[in-house]
Amino acid sequence: MVYDAQHALEHPETAGWALGTLDPEDAAAFSEHLQSCEQCQGEVAEFTPVAGSLPLAAPSAEPPDDLFYKTMAAVQYAVMAEGRPVTEPELTARGPVARASRWWHFHWTSPLMTVVTALGAAAVTAAAFIGVQLSQITAPAVLASFDLRAPAGGTGSATAMVRHYSNGYNIALTAQDLPRLGQGQFYECWYAGQNSRSGHLELITAGTFVGNGTVHMWSAADPARFKVMQITIEQAGDASQHGRVILSGVAQS
Amino acid sequence: MLVPNAADQLAPGELAAEEAEFVAQIAAGDHGAPVEQLYHRYGKRLFRFGVQQLGNEGLAQELVQETFVRLWRGASRFDAGKSSVGTYLYVIARSAAADIRKRPSSRPLMPVEDADIPPIPDTVDQIVNSLAVREALDTLTHEQAEVIRLSQEGLSQSQIAERVGIPLGTVKTRSHHGMRALRTALIERGFHGL
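Student: Which residues make up the overall build of chain B, and what values go with them?
Tutor: Per the secondary structure count, chain B includes eight helices and zero strands. Its helices and strands in sequence order give chain B the pattern α-α-α-α-α-α-α-α, from N to C terminus. Expressed as a percentage of the 194 residues in chain B, the buried residues total 44%. Across chain B, contacts joining residues at least 24 apart in sequence account for 65% of those joining residues at least 6 apart.

In structure tokens:
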């Protein structure tokens, strides 16, 4: 059918006829016109299946922003639980000596490391000179790092470096451009564990904070087991878990 | 077949090839960027399908996660010669929805009358059509969408005019323009049955 805009303007009842919304008097008058008007017959034939499609429409629901991270985490857990190869190197518990050895080997050829190594050598000499054990003045190597990103449309980013000490795991979190907090709100850092499954995350809190910059937090959670980190906005006095996810990332060894 | 929103600039053939490549990458062990790409193209549709199938946004979230986990598990079995990635995802989602629905904890606390249950798509074509109608409705102007929505609530045109506070003639022309725009949008989205 060739669409005639002028005719459609004169008889816009075709849509109401197909939708079944014409008032009785309009319906009676249009019914009479329809019998002899090929243009309107063609338009009604086009609109009728369109009207019939409307009850089929899927809900207009919008997924929450953090569903993306939940989905990525669910896949990550499945990979861990089912033993398939992963893109990120597997995190395994390693002793301090093994970690130091790996770190040394990995960075040895870097020009920056030449400088760092020279400075380190000076530190060793100085430490020996004053009779202090090296282990007492150097932090453990970074066990895992997280590059935390905002969901689509969100703002902010952060990096987290996790080091293992004898009494727990220290998290050095550096955040910038986080969404502003409302009255009584704070940021909370969470780990999600490998017993998580779709829709049911195994969560352990790693600490709370209130601003951008670097904060240090302590947790008993081993990033070898809790491989997803999330930052949420929480409301003081709200016992429900957990708030809106503003940043999320997966552990890198 | 639906054209995913995040890749509107690609021709359908290129899109299908790119998505098949994403699945091949997942099968090869990359569960990062390819999963992310497919989520951005299909996550919202799967969520809406989940709400429609399960009647609950929490369960719909679970459905989306489970669908991508099953995609990862079955990626090596995907055959681009037999179906598109979109179809493959909807088949997975339909199966996952059935499994979630069977769980005792997923059942509603109150009995639901049959008359209250909207039509639930069963075949992949029905799922695609259902999502296409929603996305076509999303393209209408607010004014057009309003009269179409009120018509679906059973109001006559004069009742719509009174409800919205506009002349009857305006309701007629908005209905007409809305239905024409809707038809065009449905055709663009590959709706079967026009």
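Student: Outline the sheet that holds strand S3 (residues 168-176) of chain A, supporting the account with residue identities and numerical values.
Tutor: Residues and elements named next belong to chain A. Read across the sheet, eight strands follow the order S5-S4-S7-S8-S1-S2-S3-S6 without closing on themselves; strand pairing throughout is antiparallel. If you trace the sheet from one side to the other, it starts and ends with strand S5 (203-209) and strand S6 (213-219), each paired once. Put simply, the sheet's adjacent strands are angled 25 degrees from each other on average, direction ignored.

Student: Report on the interface of chain A and chain B, specifying residues and quantitative values.
Tutor: Opposite the 41 residues of chain A that make contact, chain B presents 49 residues. Of all the secondary-structure elements, those providing two or more residues to the side of chain A that touches chain B are helix H2 (13-19), helix H4 (38-53) and helix H5 (67-82) of chain A. The dominant element in the side of chain A that touches chain B, judged by the number of residues it contributes, is H5(A), at ten residues. Class assignment for the residues of the side of chain A that touches chain B results in 26 nonpolar, ten polar and five charged.

Student: Tell me what's going on with the nonpolar core, and back it up with residues and numbers.
Tutor: A:Val75, B:Leu63, B:Phe68, B:Trp72, B:Leu89 and B:Ala93 are the most contacted members of the largest nonpolar core, which totals 99 residues. Ranked by residue count, the leading element in this core is H5(A), at ten residues. Once you skip the residues sitting within four places of it in the chain, B:Leu63 turns out to touch B:Leu46, B:Gly50, B:Leu54, B:Ala93, B:Ala96, B:Ala97 and B:Ile100.

Student: For the pairing of strand S4 (residues 185-192) of chain A, give the residues involved together with the corresponding values.
Tutor: Bridge analysis of S4(A) against strand S7 (residues 228-235) of chain A gives eight bridges, and the strand direction is antiparallel. Considered in S7(A), the bridge of A:Glu188 is made with A:Thr232.

Student: Explain unusual backbone geometry to me, and be specific about the residues and the numbers.
Tutor: Even without a glycine there, the phi angle at A:Asp177 is positive, about 55 degrees. Accessibility expressed as a C-beta count within 10 Å gives 11 for A:Asp177, which makes it exposed.

Student: Hey, could you go over the environment of A:Arg163 for me, with residue numbers and the actual values?
Tutor: Residues and elements named next belong to chain A. Structurally, Arg 163 is set in strand S2 (residues 157-165). Accessibility expressed as a C-beta count within 10 Å gives 17 for Arg 163, which makes it partly exposed. Put simply, Arg 163 and Asp 222 are 59 residues apart on the chain and 9.8 Å apart in space, counted from C-alpha to C-alpha.

Student: Lay out the pairing of S3(A) with the relevant residues and their values.
Tutor: Residues and elements named next belong to chain A. Bridge analysis of S2 against S3 gives nine bridges, and the strand direction is antiparallel. Across the sheet, residue Ala 158 finds its bridge partner in S3, namely Ala 175. With antiparallel pairing between neighbouring strands as the criterion, S2 and S3 make up a hairpin whose turn holds two residues. Examined bridge by bridge, S3 and S6 share seven bridges and lie antiparallel to one another. Pairing of Ala 175 across the sheet is with Gly 213, part of S6.

Student: Please give an account of the confidence of the model for chain B that cites residues and values.
Tutor: Residue and element names in this part refer to chain B. For chain B, per-residue confidence averages 86 on the pLDDT scale, and 86% of positions sit at 70 or higher. Every residue in residues 1-6 is under pLDDT 50, and counting partners more than four places away or in other chains gives 19 contacts. Low pLDDT, under 50, characterises residues 109-117; the predicted model gives this stretch one contact beyond four residues in sequence or across chains. Across the predicted assembly, pTM comes out at 0.58 and ipTM at 0.80.

Conventions and cut-offs
Residues numbered from 1 in each chain as written. Chains lettered and ligands numbered in written order. Predicted model: local features only at pLDDT ≥ 70, side-chain atom pairs only at ≥ 80, totals over all residues. Helix = DSSP H or I, 4+ residues; strand = E, 2+ residues; numbered from the N terminus. Buried ≥ 20, exposed ≤ 12 C-beta atoms within 10 Å, placed from the backbone. Contact = placed C-beta atoms within 7 Å. Pairing = 2+ DSSP bridges. Axes fitted to C-alpha atoms, helices over the stretch in contact; angles between N-to-C directions. Nonpolar A, V, L, I, M, F, W, Y, C, P; charged D, E, K, R; others polar. Core = buried A, V, L, I, M, F, W, Y, C linked by C-beta atoms within 7 Å. pLDDT = per-residue confidence, 0-100.

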